[in-house]
Structures are given as C-alpha cells and as structure tokens.
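Structure assessment
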Amino acid sequence: MSASPTVVISGVGCCTALGHDLDGMARNLRDGRDAFRASGALEGLAVCPVQDWGRDEARQRFEGWRHRHYLNRAGQMAVLSGLRAVRDAGLEQGLPARSQIIAAMGPMLDVSGEPGLPPQDSMPLAALWLLRWLPNTAAGALARFCGCHGEVLTVNAACASALQALGEGWRRIRFGLADAVLVTAGDSRLSLGGLLGYHKARALSLCAPSAGPRPFDGSRDGFVPGEGGAAFVLESLASAQARGAHVHARILGYGASVDAGSLTAPEARGTWAELAVRAALGEAGLDAGELGWLSAHGTGTQLNDQAESLLWERLLADRPGGPAVMAFKSWLGHGSSACGALELCCALAAWRDGRMPPVRHLERPCSARLDFVRAPRPFPSGPGLLENFGFGGQNAALVVDLRP
C-alpha cells in the first residue's frame, strides 16, 4: 500500500476586516489596526465589518458576472476569496479534471434591509430571490467560474464549519479522491436579524469598539460579531511541485467531534472538544507539547474560554511548556462559520511577518498555565493547531505546519 500523499495549501484568497491579501493582513497585524466600530443596526453593540474588498483581477472578474446579485453578502465574499485562491495557485484557467469544491457557509440572517423573505405583497419580489437563502449558491457559483464538475459540498456546522471543510478537503487529497480541492468559507452576521439572535442569547459583548472583544480575560463578556471570506486550494505536495506552485503550508492532521449536549453552550470542561484535538494530533503523529503555536477559538464568552482553557490545561498537565496561544477573534471579531478559515489566513499572515500578534485586551488571563501571547514575539518554527467549537456542540481541530 502506497503512503498517503502530503497535503499542502497551494493557493490562498481572502476578504477580511484586516485586509484582502496576506501582505495587507500582516501589515495591519503589525501596526495594530482593526475595523471594530459601533453597529448601525443595533445600538450599544460593536461589530467588525469588511470595509475594503480590494481591487484586483479577481474582483473585476466577479463584478463582471451579471448574476452576482443572487449571492448574499457572505456568499459574495466566499466566491471572491475562492477566485483569489485559484489565481494564487496558478489555476485561474480552471481546476484539474478530478477536482472538488467544499464551501463552509453560514445561514442567511438578513431578515430586513435586503431582498430576502417575501413581503406580504410579493409582486415586487426579485426573481429567484431564494438563491440568496440557499446555502449552496456560493459553491455552485464557484463551480461555474472554475469549470469544476466533481463533487461540490456545502458544510454548515456553525463555528466549526470552516475547519470541517478544510478537514474534508484534506481527507479527499490524502485518500486519492481528488487531485485538487478548493475550500472556501464565508459568513456575515452583522444584519439586524443576526445581531438580535445572538443578543437575545446573551452571547454578545457590550464593550465599546475601542475595547474590542476580550478572549480569555477575567472580565470577558461575550464576542463581537465579524464577517469575511477566505479560501484555499489543497493538493498533494507532488502535484504542487510538478506545477511549480508556491506552497503556503502543509496540513498534517484533522479531527472533529460533537458534545451531544446543549445546543448552544459548550460542555463545561471541553471533554468532547478534546476528542477532536486529540484526533488531529494523532493523525499528525504529534503530542500536544510538540506544538509551537495554538490558534484558539477564543470567543470571549465566559463558557467557551473556560472550557477551552481547561481542555489545554489537561493536555499539558504533565508536560513542560506548551504552545504559544493566539486568539485572532480579538483582531477581526467572530466570523462564525468562516472563522476557522479567517484565522488560518491570520496565522499565515503572521508567519509571513515573522511575529505573533498578541491577544488584545488580555489583562487578567483566566489560566495561569497557558502561554498566552500578550506582547509581539517571534513566530515559532514548529507546527501549530487551529480549533473551533460551535453551536450544536460541533468541534473541529486542524494541525498545520506553516513552513513550506
């Protein structure tokens, strides 16, 4: 039996609150810039919107498509990011014949202010308005742009969606089910409907925009909603080298689990989330103490940060040191279904810059055992792990080596 191929990321595209390419994201992380501002939809709440979508050939190609209005805001960012990733991989003329697309998409929550649910008088309703609500519209649009006729899958597993999509893409390359997989993610919960839903669930921070979210701080009070898109082309290392493609990173392992408990709150000690982390580490052949860095879920809610801290205190209980912990939601808000993809872009940008950005607004860490990054420091050379935990008890973890 032949060995499984090494799976690499050969293309990256993004549309985030920190920038629309890795260089721009790296500059904003270094300069301490962010896009947090007061919400115009619900008074007293902060949000982190994508204000600059960039101007490049991918944006021109997308805006030249006359059916783009059938995509909601999240879908537009996912498709634009996908076009940028394909171009970055040198595949703008089309994906290989044995290719697949996996999209991580959140629900459409724009119940007011945009075309969506039909009004009482349906006469002015736009034709095919329902496409804005279907979760697979973005994936279908990307398939058209990329000439992809293989499997197209849409994942909607709350905040674990993007890492699950990346994990599914990794499996398809690893087991020879596809020659290339385009993984894209997009979400936006900044509409009145989205903000109201999380506000009623008492999940949102009431901090001022300048204070931002406070992951792992003793005074944390919730998350700040964000939005964005990010996409990656996955293929084997041999395939990327044969094409002369640039390799951004290697994916080493993936794990997923479910709490099978509350539909909203995480299991208090992170017991079942630990299964996902251990599975990813096992696939990578690594021990928790061998990780150089951790991109934490770090929402800033009381329950999530506590469960996540306890999880890692157990994993590192008999091991000196431990990974340096970053929390990118303190920089770009909570991207919901897209958060794992957005945070992977942040990690790639920080690696490119050679420095780890601090967890912002962290004054009183909730755990003395974990090595939270509280001031800029050199980025470690070893592999790291990203983790996300979502509503429904969905958990996902991905081990990545950012060294080409």
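Just so we're clear, the structure is a prediction, and the values are computed from it rather than from any experiment.

Focus: the sheet that holds strand 12 (residues 371–372)
Reading across from one edge, 5-4-6-7-1-8-15-14-9-10-12 is the order of the 11 strands in this open sheet, with mixed pairing throughout. If you trace the sheet from one side to the other, it starts and ends with strand 5 (152–155) and strand 12, each paired once. Looking at chain direction, strand 9 (residues 293–295) and strand 14 (residues 384–390) are connected through 3 bridges and run parallel. Counted as the bridge partner of Trp-293 is Gly-384 from strand 14. Strands strand 1 (7–15), strand 4 (99–105), strand 6 (180–188) and strand 7 (227–236) of the sheet are contacted by helix 3 (residues 73–88), whose axis makes an angle of about 130 degrees with strand 1. Sheet contacts for helix 4 (residues 137–146): strand 4, strand 5 and strand 6; angle to strand 4, the most-contacted strand, approximately 150 degrees.

Some remarks on the nonpolar core
Within the largest apolar cluster, 61 residues are counted, with the highest numbers of intra-cluster contacts made by Phe-232 and Leu-234. If sequence neighbours within four positions are ignored, Phe-232 has contacts with Ile-9, Gly-11, Val-12, Ala-85, Leu-166, Val-181, Leu-182, Val-183, Ala-341, Leu-344, Cys-345 and Leu-348. Residues Leu-83, Ala-103, Leu-142 and Ala-231 belong to the second largest nonpolar core, which totals 32 residues.

Quick word on the confidence of the model for the protein chain
When the pLDDT values of the protein chain are averaged, the result is 94; 96% of them are 70 or greater. Across residues 112–116, confidence stays below pLDDT 50; counting only partners more than four residues off in sequence or on other chains, it has 8 contacts.

What about the packing of aromatic side chains?
Throughout the structure, instances matching the rule amount to 6 aromatic pairs. On the numbers, 5.3 Å between centres and 70 degrees between planes, the contact of Trp-65 with Phe-145 is edge-to-face. In this pair, Trp-65 is assigned in the loop between helix 2 (57–63) and helix 3 and Phe-145 in helix 4, connecting sequence segments 80 residues apart. A relative accessible area of 13% means that Trp-65 is categorised as buried. Residue Phe-145 is classed as buried on the basis of its relative accessible area, which comes to 9%. Here the aromatic rings of Phe-216 and Phe-372 are separated by 4.9 Å at their centres, their planes lie at 35 degrees, and the arrangement is tilted.

Here we look at the pairing of strand 1
Most of strand 1 sits out of view: 9 of its 9 residues are buried. Bridge analysis of strand 1 against strand 8 (residues 249–258) gives 3 bridges, and the strand direction is antiparallel. Counterpart to Ile-9 in the pairing with strand 8 is Ala-249. As judged from the 8 bridges shared by strand 1 and strand 7, these two strands associate in the antiparallel manner.

Definitions and limits used
Residues numbered from 1 in each chain as written. Predicted model: local features only at pLDDT ≥ 70, side-chain atom pairs only at ≥ 80, totals over all residues. Heavy atoms only, no water. Pairing = 2+ DSSP bridges. Helix = DSSP H or I, 4+ residues; strand = E, 2+ residues; numbered from the N terminus. Contact = heavy atoms within 4.5 Å. Axes fitted to C-alpha atoms, helices over the stretch in contact; angles between N-to-C directions. Core = buried A, V, L, I, M, F, W, Y, C linked by side-chain atoms within 4.5 Å. Buried < 20%, exposed > 50% of the residue type's maximum accessible area, 1.4 Å probe, protein only. pLDDT = per-residue confidence, 0-100. Phe/Tyr/Trp six-rings, centres within 6.5 Å; stacked < 30°, edge-to-face > 60°.

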